[in-house]
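Topology and contacts: notes
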Protein chains: 2
Amino acid sequence: MGLPMARNLIKAGFHVVGVDISQQALNAFAAAGGVVASTPAEAIHCADTVLIVVVDADQTEAVLFGNDGIASALAPSKLVIASATMAPSRVAAVADRLAQRKIQLLDAPISGGIRGAAAGALTVMVAGPDDAYAKAEPILRALAARVFHIGKQPGQASTVKLINQLLCGIHLAATAEAVALAERAGVPLQVLYDIISASSGTSRIFEDRAPDMWSVNPPKKAAVDIFVKDLGLVLELARTTQIGLTLTPAAHQVFEAAADAGLGRSSDSEIVQVYRQSTTRPDTTT
Amino acid sequence: MGLPMARNLIKAGFHVVGVDISQQALNAFAAAGGVVASTPAEAIHCADTVLIVVVDADQTEAVLFGNDGIASALAPSKLVIASATMAPSRVAAVADRLAQRKIQLLDAPISGGIRGAAAGALTVMVAGPDDAYAKAEPILRALAARVFHIGKQPGQASTVKLINQLLCGIHLAATAEAVALAERAGVPLQVLYDIISASSGTSRIFEDRAPDMWSVNPPKKAAVDIFVKDLGLVLELARTTQIGLTLTPAAHQVFEAAADAGLGRSSDSEIVQVYRQSTTRPDTTT
C-alpha cells in the first residue's frame, strides 16, 4: 500500500524518503526514484512531513514512540500524517502525545486498497487542525482522487473509516453468502454476476470481490486478518457509544471462523470457503 | 409497481387491459390509456399474454387458480409471466399446474422497485422455455432496461432474485447499522454519505436508502414486511440446499424486530429505528 502511494508522490514531484521492513518494497521504491533510509529516524532528517502507512495502531505507535521511533527526533512544527485504521480514541491519544512535543497529527485513513493506490484512485478522510490540513493538502491530493476534511479533532476521520470497514466487512460476508448459495442452487456464477451488478443488490465489494471467489488464481487483496481486526475495532466503538449491532458481530464471526480455519493471511474473499464447507441437515433451521 | 410498468407498455404501443384491487391505481391506469377490467377473468378475453405483478406466491396462485382465477379460462398456447418474488420450488409447481392446461409460464422476477419501474430502469430475470421467452421478449424489453434469460426451468430466475434479495436485505441492515453508529459517534450524516459513496463501503442500497434514514419525509419505498417475507424465502432456500448462512438470519431478525415494533408497513429504511432505540451497557459486549 505504501509503495504505490510513494510512487504517486514521486510522480507529483515530491522528494520522498522511504522506510519499509520489506527489502523487496524498498528495491521497487528505489527503482521508482525514491530515497531509501534504513530506519524511521534516518528518514526524517530533511522531512517536513511524515506519512505513516502501516497496518494498525501498534505499528503506528512503534514508528513514533518505539526503539528507533521518530517522535523524539522530530523538530516541533513538523507534521505527522497517520493512515492506519485505528480506534478513534487511540488516534486522539497519539495526537495528545505528539502535541506535548508541539508536533501536529493528521488522522488520515484511506479507502481504496492497493489497486486504488496504484491507480491514484484512493479516498482519504482527514481530521486535524486547519493549518495542518492546509499544509498536507498538496500531498494528499497527489495520493488520492478524493480528499475529505471532516473536522479538527483527530479521531473523527478514523470513526468514518471504521464505518466504511463495517460496511465492507458485512458486504464481503454477504457476497460470500450470495456466491455460496448460488453455487449450491446451481446458478451459473457469471450469470449471477451480470444480473446482480445490474440490480439493487450490488455493492462495490460485490463487483470487485465476487469474481475472486470463483477465480482459479485471484489477485491478492486485503487479508482476512485485516477484517478480524477492523470489525473488532467497530465493535469496540459500538460498545463505547452503547449501541447494539447485529450484522457487524455476525460478520466478525465469519472472518474469525476463516482465520481459525487457517485463512488469516489469505485474501478476504477466501471467507467464501467457510460457507462452501458448511452443511446443515435438511430438517434444521439455519 | 404494476402501474408504472403498465404505463411503459402503453407507451410502447401495447394494448393493455388491467386489474387491480386499488381503485386509485385503476383510475391512474385508465388516465394513462389503459383498459380497466373488473376481474382477472374479464381482463384476459383478448389477451395473448398475462403479466402478474403481485406481492407473493399466494397472490399469484389466487390470480391463476382462485375464485375468478384465470387458469381455467385461459386458452392453451397463452403465456403467463409471473413477477412476484416466490420460492423457486413454488414457481416450478405453478408451472407444472399450468402445463397440464398447455399454458406456458415464464418465471420473471424484477429488480428496481417502483422508481425503477417508473423510469423504465428495471432489471428482469427470466426462466422458461425458449419459445415462451421469444414471445415475451418485446414486452419485457418495453418494461425493463435489462432482460436476462437465465435458463429454461421456471424457478431458476426466482433463485437469482432471492440471491439479490439476500444482498439487498443485508445491505439495508448494514446501512442502518452504519447510519445509527455514525449518529451515536457524532459523525455529520451528509459527510458520511459523501465519503462512503466514494469509498469501498458503498452499495446501491446505501446510496439510495441512507439519506431516507435521516430525511424528515422520505419517499415511500418497499415495506419492511417485504424483507421479512423475502429473507424468509432465502432461509428456506438455504435449508433446502443445506447451507448454513450467518448474515441472512441476522438481517431477517432485524426486519422481524422492526415489524414487531409496528413498522411492518413502513418503508424498509425505517429499520434504522431498531438501532436508534438500542442501548447496551458500556460494560457488556454487543
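Residues numbered from 1 in each chain as written. Chains lettered and ligands numbered in written order. Predicted model: local features only at pLDDT ≥ 70, side-chain atom pairs only at ≥ 80, totals over all residues. Heavy atoms only, no water.

1. Observations concerning the confidence of the model for chain A
Taken residue by residue, chain A gives an average pLDDT of 94. The fraction at 70 or more is 98%. For this predicted complex, the interface confidence score (ipTM) comes to 0.94, while the overall pTM stands at 0.94. (pLDDT = per-residue confidence, 0-100.)

2. Here's the deal with the side chain of Lys78(B)
Residue and element names in this part refer to chain B. Residue position: Lys-78 is located in the loop between helix H4 (57-65) and strand S4 (79-82). The exposure class of Lys-78 is buried, given its relative accessible area of 18%. Of the polar contacts made by the side chain of Lys-78, one reaches the backbone oxygen of Ala-47; its length is 3.0 Å. Those residues in contact with Lys-78 that sit more than four places away from it in its chain are Ala-47, Asp-48, Ile-103, Gln-104 and Lys-135. (Helix = DSSP H or I, 4+ residues; strand = E, 2+ residues; numbered from the N terminus. Buried < 20%, exposed > 50% of the residue type's maximum accessible area, 1.4 Å probe, protein only. Polar contact = N/O pair within 3.5 Å; in protein donor to acceptor, adjacent residues only side chain to side chain. Contact = heavy atoms within 4.5 Å.)

3. Some thoughts on the nonpolar core
Leu247(A), Ile271(A), Tyr275(A), Leu247(B), Ile271(B) and Tyr275(B) are the most contacted members of the largest nonpolar core, which has 100 residues in total. For Leu247(B), the contacting residues outside a window of four places in its chain are Ile170(A), Ala173(A), Ala174(A), Glu177(A), Leu247(A), Ala250(A), Ala251(A), Val254(A), Tyr275(A) and Ile170(B). (Core = buried A, V, L, I, M, F, W, Y, C linked by side-chain atoms within 4.5 Å.)

4. Concerning the pairing of strand S8 (residues 144-151) of chain B
Residue and element names in this part refer to chain B. Across six bridges, strand S7 (residues 122-127) lies against S8 in parallel orientation. Within S8, the position partnered with Thr-123 by the bridge is Arg-146. Remark: the S7/helix H7 (residues 130-143)/S8 crossover connection has right-handed handedness. (Pairing = 2+ DSSP bridges. Right-handed = clockwise from strand over helix to strand, strands pointing away.)

5. A short note on the packing of helix H11 (residues 224-240) of chain B against helix H12 (residues 247-263) of chain B
All names here are of chain B. Where H11 contacts H12, the two axes come as close as 9 Å, and the packing angle between them is 150°. On the basis of the axis angle, H11 is roughly antiparallel to H12. Seen along the crossing, H11 lies across H12 with a hand that is left-handed. Across from Val-224, Asp-225, Phe-227, Val-228, Leu-231, Gly-232, Val-234 and Leu-235 in H11, the residues of H12 making contact are Thr-248, Pro-249, Ala-251, His-252, Phe-255, Glu-256, Ala-258, Ala-259 and Leu-263. Of the residues belonging to the contact of H11 with H12, the class tally is 12 nonpolar, three polar and two charged. (Axes fitted to C-alpha atoms, helices over the stretch in contact; angles between N-to-C directions. Parallel < 35°, antiparallel > 145°, perpendicular 65-115°, else oblique. Left-handed = near helix turned anticlockwise from the far one by under 90°. Nonpolar A, V, L, I, M, F, W, Y, C, P; charged D, E, K, R; others polar.)

6. Re helix H5 (residues 88-99) of chain B
Helical geometry: 3.6 residues make up each α-helical turn, so side chains three or four residues apart lie on a common side. For H5(B), spanning 12 residues, the distance from its first C-alpha to its last is 16 Å, which sits close to the expected 16 Å at 1.5 Å a residue. At its buried positions, H5(B) is contacted by H4, S4, strand S5 (104-107), helix H8 (156-185) and H11 of chain B. (Expected span 1.5 Å × (residues − 1).)

7. Brief notes about the pattern of salt bridges
All names here are of chain A. Scanning the entire structure with this criterion turns up 24 salt bridges over all chains. A salt bridge links Arg-209 to Asp-268, with the nearest nitrogen and oxygen atoms 2.8 Å apart. In this pair, Arg-209 sits in helix H10 (residues 204-214) while Asp-268 sits in the loop between helix H12 (247-263) and helix H13 (272-276), placing the two residues 59 residues apart along the sequence. Put simply, Arg-115, Asp-208, Arg-209, Asp-212, Lys-221 and Asp-268 are held in one network by salt bridges that share partners. (Salt bridge = Lys/Arg side-chain N within 4 Å of Asp/Glu carboxyl O.)

8. Topic: the interface of chain A and chain B
Residue-level contacts link 67 residues of chain A with 67 residues of chain B. Summed over both sides, the interface of chain A with chain B buries roughly 5,900 Å², with 68% coming from carbon and sulfur. In this structure, the connection of chain A to chain B is made through 28 residue pairs in polar contact (both at pLDDT 80 or more). Elements with a minimum of two residues in the side of chain A that touches chain B: strand S7 (122-127), strand S8 (144-151), helix H8 (156-185), helix H9 (189-197), H10, helix H11 (224-240) and H12 of chain A. With 19 residues, the top contributor of residues to the side of chain A that touches chain B is H8(A). Split by residue class, the side of chain A that touches chain B holds 37 nonpolar, 24 polar and six charged. (Buried area = accessible area lost by both parts, 1.4 Å probe.)

9. Let's talk about the relation of the copies chain A and chain B
Mapping chain A onto chain B is achieved by rotating through 180° and translating by 0.0 Å along the same axis, at an RMSD of 0.0 Å. Expressed as a symmetry operation, the mapping of one chain copy onto the other fits a two-fold axis. Across chain A, the rotation axis passes nearest the C-alpha of Ser203(A), at a separation of 1.9 Å. Both copies contact each other with a shared surface, as 100% of the interface residues of chain A are interface residues in chain B too. (Least-squares fit on C-alpha atoms with pLDDT ≥ 70 in both.)

10. Quick notes on the environment of Ile243(B)
Looking at where Ile243(B) falls in the secondary structure, it is placed in the loop between H11 and H12. Along the chain, Ile243(B) and Tyr193(B) lie 50 residues apart, while their C-alpha atoms are 35 Å from each other.

11. Quick word on the packing of aromatic side chains
Taken as a whole, this structure holds six aromatic pairs over all chains when the rule is applied. Ring geometry for Tyr193(B) versus Phe206(B): centroids 5.7 Å apart, planes at 15°, classification stacked. Taken together, the residues span a long stretch of sequence, with Tyr193(B) in helix H9 (residues 189-197) and Phe206(B) in helix H10 (residues 204-214) at a distance of 13 residues. There is no split in this pair, since Tyr193(B) and Phe206(B) are both buried. For the ring pair Phe227(B) and Phe255(B), a centre distance of 5.2 Å and an interplane angle of 25° mean the geometry is stacked. Of this pair, Phe227(B) sits in helix H11 while Phe255(B) sits in helix H12; the two residues are 28 residues apart in sequence, bridging distant segments of the chain. In this pair, the class of Phe227(B) matches that of Phe255(B), namely buried. Taken together, the aromatic side chains of Tyr193(A), Phe206(A) and Trp214(A) make up a single cluster linked through ring pairs. (Phe/Tyr/Trp six-rings, centres within 6.5 Å; stacked < 30°, edge-to-face > 60°.)

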